[in-house]
Amino acid sequence: MPIGSGQERRDEKSGMNIEPVKRKVFLLLSLGLIFIGASQLGAQQPKAVTFLTWKPNQPEVWDRLIERFHQEHPKIRVQVQVGPHSSTEYHAIVTQRLKNKDASVDVFFMDVIWPPEFASAGWALDLTPRFSKEEQRQFLTAPIAANTYHGKIYGIPSFIDAGLFYYRKDLLKKYGFDPPRSWMEMLTQGDVILKGEADPSLYVYSGQFKQYEGLVCDMLEFIWSRGGTVLNPAADRVLLTDPTSIEAITFVRDHIIGQAAPKGVVNYEEPESLELFIQGRAVFLRNWPYAWTVANDPDKSKVAGKVGVGLLPAFVGHSSASALGGWQFAISRWSKHLDEAWQFVQFMTSTESQKMIAFLAGRAPTRMAVYEDPEFQEKVPHLKAFLPAFEKARPRPMSSLYPMISQELQRFFSRAITNKKSDVPALAERASANIARVLQMEALTRP
Amino acid sequence: MIAKQHRLSLVLISPALLVLVVFIGAPVIQSVSLSLHRIVISLPQLQTPFVGLANYQELLHDAVARHSFWVTIVFVSTTTFFELALGLLLALLIHRRFPGRGGLRACVLIPWAIPTVVSAQMWRFLFNDAYGMINYAIFGHRVTAYVPWLAEPGMALCAVILADIWKTSSFAALLILAGLQIIPEELYQAARVDGAGLWRRFWHITWPLVRPALLVALLFRTIDAFRVFDLAFVMTQGGPADATNVLQLYGYKKMFIEGWMGYGSAISVSVFVMILILAIVYVRIVGRRLLEKSL
């Protein structure tokens, strides 16, 4: 509190000629000041690195890693502060604290869509001097690109996510199908399987279509796999009104929502969509890598051992696309322990740590070398099998105002697919105009 | 002497005033000032220029804000109407003397005592399309007939409204019950002697005398309903297709998710002004009538 302490000092000076009656009040006030000062002193312990993280699914894994770090670096203590589980809520906490130049956060996580925002706002430390190009080449290219903004790098990838296509191996085999390569093929196979199984509660497809960030990922995958996109490569023109994008969105509205997938998916996030699949009520599912472990856990899943996984289908004549996800370590620009923070981040993103996170938390490494490791291939063969999807993964629009663009996209997609009679081109027109205005606002910051 | 007393009374109310100024006055002024600037927290290069009423001007032309306004109006009017009607029924019921009345009165308060976030989560599970109790209660094992309540825009709004009615009717009941309890028992006895039936006793004694309490409940409920946020936030996040995107939720998204502090503040200040106007109208018209008639 730099502003507060300035005022406090002024009060003390003028306190010299205060009437005796008011002395008690003054005494109380000064006691309070001393108290505040003391607590600030306490917060500035030497060599303590504060790591603000989201609430992890398996906290014990992260605790073990930090314990190891303490053994290797006895002079540094890591204090963990746990924030909310959801990415959006965690974003609100992190931005609030960094916006206020809060020096009590040293290291934090960034979702793959945050680096441009955190770089432009000046919250994330520019790591280019510490994180050499040569070192960067050890990592998968997509997450490195996502952490780079105007030629500088702001985060070190911890683990990677990408949209994957899960299917019921047993059902496909029973009807003599190979995993579908196109969306149309998926629908045809689904029709045959549904007729054959005669189970009224069985659906063809399950995914995430609620009005939230996940909707953007799912819909972009449909648009990309039809050859469309949201922004042009220079990120200054909106391409939502292109016929390719319109066609992909209309396909989802007419053939997925309430058809291949239950109507309820428009209120589904990841857990609900996975639930349908592991209850044996969907033949195909779009989800992130974490779903593999859950779907094959006999305690939670009715389809354990009957699950296959691969690349998402595409439209005929186009190639599959999956949305890039994952988390990065970043260092706050207001941190007073840069060297200690850097050592901690280096440790957490080392080959050894990434292996441990993969084995114990099931998270996919971002270092390419880990995928060649024999122990890795033996213990988590499925992560190795996901590698093609990780290499193909595409980032969502890169913008320092991504949260605004995402809100517009969520609104547009949700309106377009929820109502069977929606006027997709008109909605796309409106969304494009709104996103163009956001881009204009961003352009104001460029010289 | 009088001046001294006056001074003492000022001293005595000053702590309360201070609390009001610090916790209500200051944040309101802060919000108003934020709403007059262009503040985008992820673009500090833009500084925070004073833009006058530009945010409000933009708000007037914002189709989503207009939509959110109507969603809020529908929510406020339907929830208030049903909460007062149900609250009156409940109050009449628990006002009668019967064995176990104390227990029932306590039970009526349970929905009100549950934190909104918890009850919203509960309703979200109840309305679930695949394993929700509501579908099970209506359709049993006929899974194909299950309705995805929260997936249809109209029904999603109804679901949020229902959850609010369930939760706050008991609060209205409590206020109305207080009104019922001050009606003297003699009036009913006299009416019975005159041969008035149940309906006439209600219409000529209970209704006019309980009306002031009803009006107080109306005031509380409309103002409170305008501020709805948590129910929609937990149950639907404003979706599907913005069907439950109430104004406060829209403002929250602008401010904390998009980081557009100025514009978000303009939304919350607008809600504040709407509530303020409503409160003034109530206190002026309803309050005067309430005083005259009840005396």
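Within every chain, residues take consecutive numbers counted from 1 along the sequence as written. Lettering for chains starts from A, numbering for ligands starts from 1, and both go in the order in which the items are written. It should be noted that, the model being predicted, local features are given only for residues of pLDDT at least 70 and side-chain atom pairs only at 80 or more, the latter also being counted only at that level, while totals for whole chains, interfaces and linings use all residues.

Observations concerning the sheet that holds strand β7 (residues 164–168) of chain A
All names here are of chain A. Reading across the sheet, the four strands line up as β8-β9-β7-β10 and stay open at both edges, with mixed pairing between neighbours. Edge strands, defined here as strands with exactly one partner in the open sheet, are β8 (203–206) and β10 (307–310). Along the sheet, successive strands turn relative to each other by an average axial angle of 15 degrees, direction set aside. When β8 meets strand β9 (residues 282–287), the two strands line up parallel, connected through three bridges. The residue bridging serine 206 from the neighbouring strand is leucine 285, located in β9. At least two DSSP bridges between two strands are required for those strands to pair. Runs of H or I in DSSP of at least four residues are treated as helices and runs of E of at least two as strands, each being numbered from the N terminus. Angles here are taken between N-to-C directions and fall from 0 to 180 degrees, while the axes themselves are lines fitted to C-alpha atoms, restricted in helices to the stretch in contact.

Things to note about the domain arrangement of chain A
Residue and element names in this part refer to chain A. The domain boundaries here were taken from an automatic or database domain assignment. The domain architecture assigned to chain A consists of domain 1 (48–161 + 325–392) and domain 2 (162–323 + 398–443). Averaged C-alpha coordinates put domain 1 and domain 2 at centres separated by 28 Å. Once C-beta atoms have been placed from the backbone, residue pairs whose C-beta atoms lie within 7 Å are recorded as contacts. Across the contact, 17 residues belong to domain 1 and 18 residues belong to domain 2. Sorting the residues of the side of domain 1 that touches domain 2 by element identifies α4 (87–99), α5 (115–120), β6 (156–162) and α19 (387–392) as the ones contributing at least two each. Element by element, the count of residues in the side of domain 1 that touches domain 2 is highest for α19, at four residues. The nonpolar class holds Ala, Val, Leu, Ile, Met, Phe, Trp, Tyr, Cys and Pro. Asp, Glu, Lys and Arg form the charged class, and all remaining residues, Gly among them, are polar. Classifying every residue of the side of domain 1 that touches domain 2 by side-chain character gives eight nonpolar, six polar and three charged.

Describing unusual backbone geometry
Its identity as a non-glycine residue notwithstanding, alanine 198 of chain A has a phi of 50 degrees, on the positive side. Note that alanine 198 of chain A resides in the loop between α9 (183–197) and β8. The burial criterion counts other C-beta atoms lying within 10 Å of a residue's C-beta, which is placed from the backbone; the residue is buried at 20 or more, exposed at 12 or fewer, and partly exposed between these limits. Under the C-beta neighbour-count criterion, alanine 198 of chain A is labelled exposed, with 7 such atoms within 10 Å. Of note, aspartate 242 of chain B is a non-glycine position whose phi angle comes to about 65 degrees, a positive value. By the secondary structure assignment, aspartate 242 of chain B is in the loop between α11 (230–235) and α12 (247–257). You can call aspartate 242 of chain B buried: it has 22 C-beta atoms within 10 Å.

Section: the packing of helix α10 (residues 213–224) of chain A against helix α11 (residues 243–256) of chain A
Any two packed helices are characterised by how steeply their axes cross, that is the angle between the axes, and by the distance between the axes. Residue and element names in this part refer to chain A. Contact pair α10 / α11: the axes reach a minimum separation of 8 Å and the direction vectors enclose 125 degrees. With respect to α11, the axis of α10 lies oblique. As for how α10 packs across α11, the hand of that crossing is right-handed. Taken together, the residues of α11 that come into contact with α10 (itself represented by Met219, Phe222 and Ile223) are Ser245, Ala248, Ile249, Phe251 and Val252. When its residues are assigned to classes, the contact of α10 with α11 shows seven nonpolar, one polar and no charged. Note that the term roughly parallel is reserved for angles under 35 degrees, roughly antiparallel for angles over 145, roughly perpendicular for angles of 65 to 115, and oblique for everything else. Two helices crossing with the near one rotated counterclockwise from the far one by less than a right angle form a left-handed crossing, whereas a clockwise rotation gives a right-handed crossing.

Quick look at the pairing of β6 of chain A
Looking along a regular strand, one sees the side chains alternate between the two faces of the sheet. Residue and element names in this part refer to chain A. Counting buried positions along β6 gives seven out of seven residues, so the element sits mostly inside the fold. Pairing between β6 and strand β11 (residues 324–331): six bridges, direction antiparallel. Considered in β11, the bridge of alanine 162 is made with leucine 324. Here two bridges tie β6 to strand β12 (residues 364–365), and the two strands are oriented antiparallel to one another. Residue pairing in the sheet places isoleucine 160 in a bridge with alanine 364 of β12.

Details of the pairing of β9 of chain A
Residues and elements named next belong to chain A. Counting buried positions along β9 yields six of six residues, so the element is predominantly enclosed. The pairing of β7 with β9 spans four bridges and is antiparallel. When the bridges of β9 are listed, leucine 164 appears paired with asparagine 287.

With respect to the nonpolar core
Defined on buried residues, the nonpolar core groups Ala, Val, Leu, Ile, Met, Phe, Trp, Tyr and Cys residues joined through C-beta atoms within 7 Å. Ranked by internal contacts, the top residues of the largest apolar core, which has 173 residues, are Tyr166 and Phe284 of chain A. Those residues in contact with phenylalanine 284 of chain A that lie beyond four places of it in its chain are Phe165, Tyr166, Tyr167, Met186, Gly190, Val204 and Tyr205 of chain A. The next biggest cluster of nonpolar side chains, apart from the first, holds 15 residues, and it includes Ala172, Leu175, Leu177 and Val210 of chain B.

Points about the sheet that holds β12 of chain A
All names here are of chain A. Taken in spatial order, the six strands make up an open sheet running β2-β1-β3-β11-β6-β12, and their pairing is mixed. What marks the edges here is a single partner per strand, and that holds for β2 (77–82) and β12. Across the face of the sheet, helix α14 (residues 338–348) comes into contact with β1 (48–53), β2, β3 (107–111), β6 and β11 while running at roughly 150 degrees to β11.

Looking at the domain arrangement of chain B
Accessible area lost during the coming together of the parts is what is often quoted as the interface size. Residue and element names in this part refer to chain B. One can read the domain layout of chain B as domain 1 (1–35) and domain 2 (65–294). Each of domain 1 and domain 2 has a C-alpha centre, and the two are 32 Å apart. Along the lines of polarity and charge, the residues of the side of domain 1 that touches domain 2 split into three nonpolar, two polar and no charged.

Comments concerning the environment of proline 395 of chain A
Residues and elements named next belong to chain A. Within the secondary structure, proline 395 is located in the loop between α19 and α20 (402–418). C-beta crowding within 10 Å serves as the criterion here: with 17 such atoms nearby, proline 395 is assigned to the partly exposed category. For the pair formed by proline 395 and leucine 324, sequence separation is 71 residues and the distance between their alpha carbons is 5.1 Å.

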